[in-house]
Amino acid sequence: MATAGVQEARPAPLTSTSEPPPLFDGTTRLYICYYCPYAQRAWITRNYKGLQEKIKLIPIDLGNRPAWYKEKVYPQNKVPSLEHNGKVIGESLDLIKYIDANFEGPSLVPTDPAKKEFGEQLVSQVDSVTTDLYAALKGDAIRQASPIFDSFENALGKFDDGPFFLGQFSWVDIAYLPFIERFHVVFAEVFKHDITEGRPKLRAFIEEVNKIDAYTQTRFDRKELVDLYKRRFLPQQQ
Ligand SMILES: N[C@@H](CCC(=O)N[C@@H](CS)C(=O)NCC(=O)O)C(=O)O
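All figures in this text were calculated on a predicted structure; none of them were measured in a lab.

Draft legend 1. Spatial organisation of the packing of helix α6 (residues 171-190) against helix α7 (residues 200-209). Interhelical geometry of α6 versus α7 gives an angle of 105° and a closest axis separation of 11 Å. Overall, the two elements α6 and α7 adopt an arrangement that is roughly perpendicular. Mapping the contact onto sequence places D173, L177, I180 and H184 in α6 and L202, F205, I206 and V209 in α7. Split by residue class, the contact of α6 with α7 holds six nonpolar, one polar and one charged.

Draft legend 2. How the structure looks around the site of the ligand. Close contacts around the ligand come from C36, Y38, L62, R65, K78, V79, P80, E91 and S92, and that covers them all. At a separation of 2.9 Å, an oxygen atom of the ligand approaches a polar side-chain atom of R65. For the ligand, the protein covers 71% of the area, taking 510 Å² as the surface of the free molecule.

Draft legend 3. Region of interest: the sheet that holds strand β1 (residues 28-32). Pairing in this open sheet of four strands is mixed, and the strands run β2-β1-β3-β4 from one edge to the other. Each edge of the sheet is formed by a strand with only one pairing partner; in this case those strands are β2 (55-59) and β4 (87-90). If you compare each strand with its neighbour and ignore which way they point, the axes differ by 20° on average. Across four bridges, strand β3 (residues 81-84) lies against β4 in antiparallel orientation. The residue of β4 that forms the bridge with S81 is G90. Its contacts with the sheet place helix α1 (residues 37-48) against β1 and β2, and it is angled at close to 145° to β1.

Draft legend 4. Main features of the side chain of E83. Looking at the secondary structure, you find E83 in strand β3. Judged by its relative accessible area of 2%, E83 falls in the buried class. Looking at E83, its side chain comes within polar contact range of the side chain of Y31, at 2.7 Å.

Draft legend 5. Representation of the nonpolar core within the structure. F152, F165, Y176 and F205 are the most contacted members of the largest nonpolar core, which has 54 residues in total. Listed by contribution, the elements that provide at least two residues to this core are α3 (92-102), α4 (113-137), α5 (141-156), α6, α7, α8 (213-216) and α9 (222-232). Considering each element in turn, this core owes the most residues, 13 residues, to α6. Domain assignment of the residues forming this core places at least three in each of domain 1 (29-102) and domain 2 (113-233). Ignoring sequence-local partners within four residues, the contact set of F205 consists of L156, P163, F164, F165, D173, L177 and I180. Counting residues in hydrophobic clusters, the runner-up holds 26 residues, among them Y34, I58, I60 and I89.

The rules behind each value
- Residues numbered from 1 in each chain as written.
- Predicted model: local features only at pLDDT ≥ 70, side-chain atom pairs only at ≥ 80, totals over all residues.
- Heavy atoms only, no water.
- Axes fitted to C-alpha atoms, helices over the stretch in contact; angles between N-to-C directions.
- Helix = DSSP H or I, 4+ residues; strand = E, 2+ residues; numbered from the N terminus.
- Parallel < 35°, antiparallel > 145°, perpendicular 65-115°, else oblique.
- Contact = heavy atoms within 4.5 Å.
- Nonpolar A, V, L, I, M, F, W, Y, C, P; charged D, E, K, R; others polar.
- Near = heavy atom within 4 Å.
- Polar contact = N/O pair within 3.5 Å; in protein donor to acceptor, adjacent residues only side chain to side chain.
- Areas by Shrake-Rupley, 256 points an atom, 1.4 Å probe, with all protein chains shown as cover.
- Pairing = 2+ DSSP bridges.
- Buried < 20%, exposed > 50% of the residue type's maximum accessible area, 1.4 Å probe, protein only.
- Core = buried A, V, L, I, M, F, W, Y, C linked by side-chain atoms within 4.5 Å.
- Domains from an automatic or database assignment.

Next comes the structure, spelled out in structure tokens:
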């Protein structure tokens, strides 16, 4: 298991010339890409539950993907996917819940009905929220994204027994965190705008997640992230 503060070794991504691992040999494998926010959700979940020894990380080079990944592992040809018990499951939001329900480690879904219901509501909105954030990058970014960051601030105020969306750290934080990380960094570096300014709960949230090793192990290099976003979403900023 990774020790606090020590970075777990990151194996080199598999490419079109890499041999497949010995598939369906009983090993549980999580196929990811280091910069993918969806894969990061499953990766944080695996780390938070302390499953570093039980779930092997298999990074894929999406730009030069091995053909066997689509043919033999995951026909949808996306990451993340999880090879477990002779089958392969995908979709990051489903995977958070699947890993939580099928492996040992601290539970990520609270039992309190009010928290459960609010959590389901927040997670059901995450795809449209992130779509709107990416759309904001193409327009008047700060003005368009501000109401979304305000909605995070409001949601973070709903439960007062901790700094996270449902008070204590949960699957909701994992669903939102890879995107909050990316937009926090990109707004700071590209637009010189601190999304936590005037949003103390969002600031506390970011401070607290940065103390969670399961997450910090998965963080993407700040400079590489900005370069990637400039190339992909902000060609006008290059
Ligand atoms: N809805 C999927 C989205 C996964 C996804 O789009 N992953 C991207 C990388 S960030 C991918 O694999 N793209 C490859 C492709 O679309 O060909 C999930 O939540 O798991």
